[in-house]
Amino acid sequence: MPRIAVLPGDGIGPEIVREALRVLETLSSRFQLDLTWEEALVGGVAYDATGHPLPPSTLALCKESDATLLGAVGGPKWDNVQPSSLRPEVGALLPLRKELELFANLRPVTLFPALASASSLRADIISGGLDILVVRELTGGMYFGQPKGREDGGNRAIDTCVYTRPEIERIARVGFEAAGKRSKRLCSVDKANVLETSRLWREVVIDVAKEYPDIELSHMLVDNCAMQLVRNPKQFDVIVTENMFGDILSDEAAMLTGSLGMLSSASLGTRQTAYGTFGLYEPAHGSAPDIVGKGIANPLATFLSVSLLLRYSLGQPEAASALESAVAEVLSEGLRTADIAPAGSPSVGTRAISDAVLAKL
Ligand code: NAD
């Protein structure tokens, strides 16, 4: 029986996760998924209740589950918590990534044709919508490499970029596997003309490609990729890249869709379960303290995160596609929450747009 740890968190987290659970319930009965879930505290609410933003019982629940669904953490109430290591973002999100060994971040860049006007790009460049997946390595590279620090009285700074063959192999496999579930094209992004880590990256990706003869592999330098994403984004299907390049490119790509309330994300771990790969799924946006309790939060990024959960951790591509289609249909019929409605046009609240998605399911 697949088991999901549900961490609603702070701000609008509980409002959007509540709706996501209705979606899971409906999908579970329609596709006979037999899902079970258990909720636990995380973030500021956990700090208030237990003194720590990631209580041991919450972490234990995640470790015993097949997947974790997270709302959002943080908010003004906890911005000045001391020591700062107990602030929700630092004290909950970073340890979750580390403890659950989440090494692969998947960020779909989906521009629904109905939302084309929200994109930062001209209509002719994105006509028909966009569907790109950015796979980012999450635990290596410049952000973690040693040595790191200051010398010469603080006037010389050092960061070190390190990658090892096994680290590159495992993220490359995530890229190839993801491409295999989509249109079978993978673009590996590096800076092999300058960086030694990128030369190793390219060698290893080419080696791993031998295991995936049906996937078409290409390589692109990161500076060119940054340009191509805004010049001709439709050329991309799956992009796989290292930590820092992925950090920047996934945010650039996200803005091609123009709407924060629509962006989902998955972080996959090393643990294999009976149903797939363990992962943590969350909308890309934060806890939106400015709209808490108003009933207007857009739940669709969370729904799309649920669809990633079904696809990558529970091995249920049909249920995932049904949910994605339901979201696309609701949008194409013109229903919008305030954040994605054009200025001056009508919008609906969290409950109403969720009801519409449920009706499609
Ligand atoms: P935010 O994403 O919470 O909000 C930015 C803007 O987008 C706000 O105007 C908000 O109302 C709007 N918005 C965001 N999600 C929305 C949704 N689903 N529907 C409608 N409107 C939406 O970013 P922020 O304001 O910079 O951060 C607020 C808090 O969230 C901070 O404490 C920050 O640290 C935290 N945060 C948490 C995460 C996370 O949990 N993964 C990520 C980013 C920020």
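Below: a short report on this structure. (Residues numbered from 1 in each chain as written. Predicted model: local features only at pLDDT ≥ 70, side-chain atom pairs only at ≥ 80, totals over all residues. Heavy atoms only, no water.)

As for the site of the ligand
So, step 1. Near the ligand lie 19 residues; those nearest to it are Glu89, Gly286, Ala288, Asp290 and Asn298.
So, step 2. A distance of 3.1 Å separates an oxygen atom of the ligand from a polar atom in the backbone of serine 287.
So, step 3. Within the complex, the protein chains bury 68% of what would otherwise be the 810 Å² of accessible surface of the ligand.
So, step 4. Its residues placed into classes, the shell around the ligand shows 9 nonpolar, 6 polar and 4 charged. (Near = heavy atom within 4 Å. Polar contact = N/O pair within 3.5 Å; in protein donor to acceptor, adjacent residues only side chain to side chain. Areas by Shrake-Rupley, 256 points an atom, 1.4 Å probe, with all protein chains shown as cover. Nonpolar A, V, L, I, M, F, W, Y, C, P; charged D, E, K, R; others polar.)

Things to note about the side chain of arginine 311
So, step 1. Residue position: arginine 311 is located in helix α10 (residues 300–312).
So, step 2. By relative accessible area, which is 18% here, arginine 311 ends up buried.
So, step 3. There is a polar contact of 2.9 Å between the side chain of arginine 311 and the side chain of glutamate 324.
So, step 4. Other than its neighbours up to four places away in sequence, arginine 311 contacts Gln316, Pro317, Ala320, Ser321 and Glu324. (Helix = DSSP H or I, 4+ residues; strand = E, 2+ residues; numbered from the N terminus. Buried < 20%, exposed > 50% of the residue type's maximum accessible area, 1.4 Å probe, protein only. Contact = heavy atoms within 4.5 Å.)

Topic: the packing of α10 against helix α11 (residues 317–332)
Two numbers describe a pair of packed helices, the interaxial angle and the distance between the axes.
So, step 1. At their nearest, the axes of α10 and α11 sit 7 Å apart, and the two run at 160° to each other. Between α10 and α11, the angle is such that the two are roughly antiparallel. Where α10 crosses over α11, the two elements pack in a sense that is left-handed. In this structure, α10 contributes Leu300, Phe303, Leu304, Val306, Ser307, Leu310 and Arg311 to the contact, and α11 contributes Pro317, Ala319, Ala320, Ser321, Leu323, Glu324, Val327 and Leu331.
So, step 2. Classifying every residue of the contact of α10 with α11 gives 11 nonpolar, 2 polar and 2 charged. (Axes fitted to C-alpha atoms, helices over the stretch in contact; angles between N-to-C directions. Parallel < 35°, antiparallel > 145°, perpendicular 65-115°, else oblique. Left-handed = near helix turned anticlockwise from the far one by under 90°.)

Here's the deal with the layout of surface pockets
So, step 1. Size it by volume and the largest pocket reaches roughly 750 Å³.
So, step 2. Taken together, 33 residues make up the lining of the largest pocket; nearest its centre are Leu93, Arg97, Arg136, Leu138 and Glu282.
So, step 3. Of all the elements in the fold, those that place two or more residues in the lining of the largest pocket are β3 (67–72), α4 (88–99), β4 (104–111), α9 (243–255), β11 (264–272) and β12 (277–283).
So, step 4. Looking at the lining of the largest pocket, its residues break down into 16 nonpolar, 9 polar and 8 charged.
So, step 5. Looking at the second largest pocket, its volume works out to about 370 Å³.
So, step 6. Mapped by element, the contributors of at least two residues to the lining of the second largest pocket are β4, β5 (130–137) and α10.
So, step 7. At 5 residues, the largest contribution of residues to the lining of the second largest pocket is made by α10.
So, step 8. Partitioning the lining of the second largest pocket into residue classes produces 8 nonpolar, 3 polar and 5 charged.
So, step 9. Here the lining of the second largest pocket spans two domains, and each of domain 1 (1–110 + 262–361) and domain 2 (120–257) adds at least three residues to it. (1 Å grid on protein atoms, 1.4 Å probe; cavity = no way out; pocket = protein on both sides within 12 Å on 5 of 7 lines; lining within 4 Å. Points joined across faces, edges and corners; volume = space filled by probe spheres on them. Domains from an automatic or database assignment.)

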